[in-house]
Amino acid sequence: MKELLRSNDITIIAFATALLRGEDIDCFEQDVNMSVLEGGIGIFPRRLMVREDDWDAASQVLRDNDIPSGT
């Protein structure tokens, strides 16, 4: 797995996830539990991970939709 996106904004993570799944690119959100532990105030960013083989296509999807990678 390779990090594609890192953000404190859960709406960006949700949007990116929907776009990737629409392109049949599997993705996995990490650090969700850490976010919950800190009380939901957005201190710790969440990460969106994809397979290394899908990383180029996934990063192109983000660029096409003007989503900054945050990495």
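Worth saying up front: this structure is predicted, and the values here are computed from it rather than measured. (Residues numbered from 1 in each chain as written. Predicted model: local features only at pLDDT ≥ 70, side-chain atom pairs only at ≥ 80, totals over all residues. Heavy atoms only, no water.)

For the rest of this paragraph, the subject is a nonpolar patch on the surface. Among the surface-exposed residues, M34, I43 and F44 lie close enough to one another that they form a single nonpolar patch of about 280 Å² accessible area. Its location among the elements puts I43 in the loop between α2 (32-37) and β3 (46-50). (Patch = residues over 30% accessible without salt bridge, like charges linked within 9 Å, V, L, I, M, F, W, Y side chains within 5 Å. Areas by Shrake-Rupley, 256 points an atom, 1.4 Å probe, with all protein chains shown as cover. Salt bridge = Lys/Arg side-chain N within 4 Å of Asp/Glu carboxyl O. Helix = DSSP H or I, 4+ residues; strand = E, 2+ residues; numbered from the N terminus.)

Time to look at the pattern of salt bridges. All told, the structure shown has five salt bridges when counted by the stated rule. Of the charged contacts in the structure, one is a salt bridge between R6 and E3, with a shortest N-O distance of 2.8 Å. Two residues, D26 and R51, come together in a salt bridge whose shortest N-O distance is 2.9 Å. Residue D26 is found in the loop between α1 (10-22) and β2 (27-30), and its partner R51 is found in the loop between β3 and α3 (55-64); the two are separated by 25 residues along the sequence. With a relative accessible area of 45%, R51 lands in the partly exposed category. Bridged by salt links that share partners, the residues D26, R51 and D54 form one connected network. (Buried < 20%, exposed > 50% of the residue type's maximum accessible area, 1.4 Å probe, protein only.)

We now examine the sheet that holds β3. Strands belonging to one sheet form pairs held by backbone hydrogen bonds; the direction of such a pair is parallel or antiparallel. Overall, antiparallel pairing links the three strands, which are arranged β1-β3-β2 in an open sheet. Every other strand in the sheet has two partners, leaving β1 (2-7) and β2 as the edge strands with one partner each. With strand direction ignored, the average angle separating the axes of adjacent strands in the sheet is 25°. For β2 and β3, the ladder comprises four bridges, and the chain directions are antiparallel. The residue bridging E29 from the neighbouring strand is L48, located in β3. Along the sheet, α1 contacts β1, β2 and β3; its crossing angle with β3, the most-contacted strand, is approximately 15°. In this fold α3 packs onto β1 and β3, with an angle of close to 25° to the strand it touches most, β1. (Pairing = 2+ DSSP bridges. Axes fitted to C-alpha atoms, helices over the stretch in contact; angles between N-to-C directions. Contact = heavy atoms within 4.5 Å.)

Its 13 residues place the ends of α1 18 Å apart at the C-alpha level, agreeing with the 18 Å of an ideal helix rising 1.5 Å per residue. Considered for burial, the residues of α1 that qualify are I13, A16, T17 and L20. Along the axis of α1, the buried residues cluster in a sector spanning 105°; they form a single face. Counted as exposed and oriented over 90 degrees from the buried face of α1: T11 and G22. Just beyond α1, the residue with positive phi is D24, at close to 60°. (Expected span 1.5 Å × (residues − 1). Arc of directions from axis to C-beta.)

So yeah, pure geometry; function would need other evidence.
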